[in-house]
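One-letter residues, chain by chain:
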Amino acid sequence: MCGRFSLLDEAAVSEILKIERWNWHWLQPRLNVIPTTRVPFVVKAEECLVKLNGARWGLIPHWWKKEGPPSLTFNARSEETAEKPTWGATACAGCAA
């Protein structure tokens, strides 16, 4: 997940996705969103209600127990994916690029 992406303004997102409930807002478009940045995500809730929340962009492994998020979990080296616990389950499932 080493890539970056652009984030449209709220009006464009609302028009495209027909958001019905906004639980999180951002002030302006972002042209260079990087891993660990807080970003919006869309959730389909009860009875086809579409709502928007915010979350940190990155990977938190299912076995992570510490209070804060892990650091450096957005870049995987292909030669290490099978050995490292962070990437092992993903690589075994055939999801690693």
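Residues numbered from 1 in each chain as written. Predicted model: local features only at pLDDT ≥ 70, side-chain atom pairs only at ≥ 80, totals over all residues. Heavy atoms only, no water.

**Q** I'd love a proper account of the confidence of the model for the chain, names of residues and values included.
**A** Summarising the model, the chain shows a mean pLDDT of 74, and 73% of its residues fall at 70 or more. Taken element by element, the chain is modelled with least confidence in helix α2 (residues 85–92), mean pLDDT 61, and with most confidence in strand β4 (residues 38–44), mean pLDDT 83. (pLDDT = per-residue confidence, 0-100. Helix = DSSP H or I, 4+ residues; strand = E, 2+ residues; numbered from the N terminus.)

**Q** Tell me about the nonpolar core, and name the residues and values.
**A** With 10 residues, the main nonpolar core is built from L7, V13, I19, W24, W26, V33, V39, V50, L52 and W57. Setting aside anything within four residues of it in sequence, one finds L7 in contact with W26, P29, R30, V33 and P40. (Core = buried A, V, L, I, M, F, W, Y, C linked by side-chain atoms within 4.5 Å. Buried < 20%, exposed > 50% of the residue type's maximum accessible area, 1.4 Å probe, protein only. Contact = heavy atoms within 4.5 Å.)

**Q** Can you lay out the pairing of strand β5 (residues 50–56) for me, pointing to particular residues and giving the numbers?
**A** Counting buried positions along β5 yields five of seven residues, so the element is predominantly enclosed. Relative to β5, strand β2 (residues 21–22) runs parallel, the two being bridged by two bridges. If you follow W22 over to β5, its bridge partner there is L52. Relative to β5, β4 is paired through seven bridges, and the arrangement is antiparallel. Considered in β5, the bridge of P40 is made with G54. (Pairing = 2+ DSSP bridges.)

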